[in-house]
Amino acid sequence: MENVEYAGFWIRTGAAIIDSFILFIIIAPLLTFIYGYEYWLPEHIISGTWDVLISYVFPVLAVIIFWMYKSATPGKIGTKLTIVDAKTGGKPTTQQFIIRYLGYYVSTIPLGLGILWVAFDNRKQGWHDKMANTVVIKHNQPEPVRFEG
């Protein structure tokens with residue numbers, strides 16, 4: 001792929017923070033409504049089926065569905081980043097997106113080294129990107145102005 005600007009560690013971290021905040025403002029009220037304020041006490045690890053569905057299953061599905069339809073999460077959209085196939089520059093397959101998500105676990109287990117790898121890699125790929133054969137690129141071109149009426 002020529003003439004692309006790979007997204008580095010800090011902008012991708014910013015996108016992840018945006019995504020985490022969005023998920024929190026959706027998930028926290030639901031869990032509080034279902035389990036009460038006691039849910040947030042330190043001794044609660046997993047409080048039941050709804051906790052598993054809302055805290056773990058929903059985020060996985062939301063992220064993969066966003067990737068499938070937009071090639072980005074809301075945080076990446078907001079920071080003008082897109083996930084593309086590392087070889088073709090086209091849209092990755094669903095299988096690549098699933099491998100990429102599972103790769104997050106591989107990337108974070110050894111002290112987050114697979115995530116930090118983005119800062120040192122020539123194409124700014126984390127281990128999850130390498131596993132899925134994807135890269136994250138920047139879109140610096142301004143959106144065209146559209147006039148209605």
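The model shown is predicted, which means the values in this text are computed figures rather than measured ones.

## Here we look at the environment of T94
Here is step 1 of the chain: Here T94 lies in helix α4 (residues 94-108).
Here is step 2 of the chain: Judged by relative accessible area, which is 39%, T94 ranks as partly exposed.
Here is step 3 of the chain: In this structure the C-alpha to C-alpha distance between T94 and G36, which are 58 residues apart in sequence, comes to 37 Å.

## What to know about the packing of helix α1 (residues 9-35) against helix α2 (residues 49-70)
Here is step 1 of the chain: Running from N to C, α1 and α2 point in directions that differ by 170°, and their axes come no closer than 10 Å. The angle between α1 and α2 places the two elements in the roughly antiparallel class. Counted together, L23, I26, I27, L30, L31, I34 and Y35 of α1 and T49, W50, D51, I54, S55, F58 and P59 of α2 form the full contact between these two elements.
Here is step 2 of the chain: Along the lines of polarity and charge, the residues of the contact of α1 with α2 split into 11 nonpolar, 2 polar and 1 charged.

## As for the layout of surface pockets
Here is step 1 of the chain: When its volume is computed, the largest pocket comes out at roughly 590 Å³.
Here is step 2 of the chain: If you trace the largest pocket, you find 20 residues lining it, with A16, D19, S20, Y104 and I115 closest to the centre.
Here is step 3 of the chain: Elements with a contribution of two residues or more to the lining of the largest pocket: α1, α2 and α4.
Here is step 4 of the chain: The element contributing the most residues to the lining of the largest pocket is α1, with 7 residues.
Here is step 5 of the chain: Per-class residue counts for the lining of the largest pocket are 11 nonpolar, 5 polar and 4 charged.

## Focus: the pattern of salt bridges
Here is step 1 of the chain: Per the stated rule, a full pass over the model turns up 4 salt bridges.
Here is step 2 of the chain: Note that D121 is salt-bridged to K130, the shortest N-O span being 2.8 Å.
Here is step 3 of the chain: With a relative accessible area of 12%, D121 lands in the buried category.
Here is step 4 of the chain: Salt bridges linked by common partners bring R12, R100 and D129 together as one network.

## Looking at the nonpolar core
Here is step 1 of the chain: A7, A15, V63, I64, W67, L81, I83, F97, Y101 and V136 form the largest nonpolar core, which has 10 residues in total.
Here is step 2 of the chain: Secondary-structure elements contributing two or more residues to this core are α2, β1 (81-85) and α4.
Here is step 3 of the chain: Top element by residues in this core is α2. It accounts for 3 residues.
Here is step 4 of the chain: Beyond its immediate sequence surroundings of up to four residues, A15 is in contact with G75, K76, T79 and L81.

## As for the packing of α2 against α4
The description of two helices packed together rests on the angle between their axes and the distance between the axes.
Here is step 1 of the chain: Across the interface, α2 lies against α4 with an axial gap of 10 Å and an inter-helix angle of 140°. Classified by the interaxial angle, the pair formed by α2 and α4 is oblique. Remark: the crossing between α2 and α4 carries right-handed chirality. Across the interface between the two elements, P59, V60, V63, I64, W67 and M68 from α2 touch T94, F97, I98, R100, Y101, Y104 and Y105 from α4.
Here is step 2 of the chain: Among the residues making up the contact of α2 with α4, the classes are represented as 11 nonpolar, 1 polar and 1 charged.

Thresholds, definitions, all that
Residues numbered from 1 in each chain as written. Predicted model: local features only at pLDDT ≥ 70, side-chain atom pairs only at ≥ 80, totals over all residues. Heavy atoms only, no water. Helix = DSSP H or I, 4+ residues; strand = E, 2+ residues; numbered from the N terminus. Buried < 20%, exposed > 50% of the residue type's maximum accessible area, 1.4 Å probe, protein only. Axes fitted to C-alpha atoms, helices over the stretch in contact; angles between N-to-C directions. Parallel < 35°, antiparallel > 145°, perpendicular 65-115°, else oblique. Contact = heavy atoms within 4.5 Å. Nonpolar A, V, L, I, M, F, W, Y, C, P; charged D, E, K, R; others polar. 1 Å grid on protein atoms, 1.4 Å probe; cavity = no way out; pocket = protein on both sides within 12 Å on 5 of 7 lines; lining within 4 Å. Points joined across faces, edges and corners; volume = space filled by probe spheres on them. Salt bridge = Lys/Arg side-chain N within 4 Å of Asp/Glu carboxyl O. Core = buried A, V, L, I, M, F, W, Y, C linked by side-chain atoms within 4.5 Å. Left-handed = near helix turned anticlockwise from the far one by under 90°.

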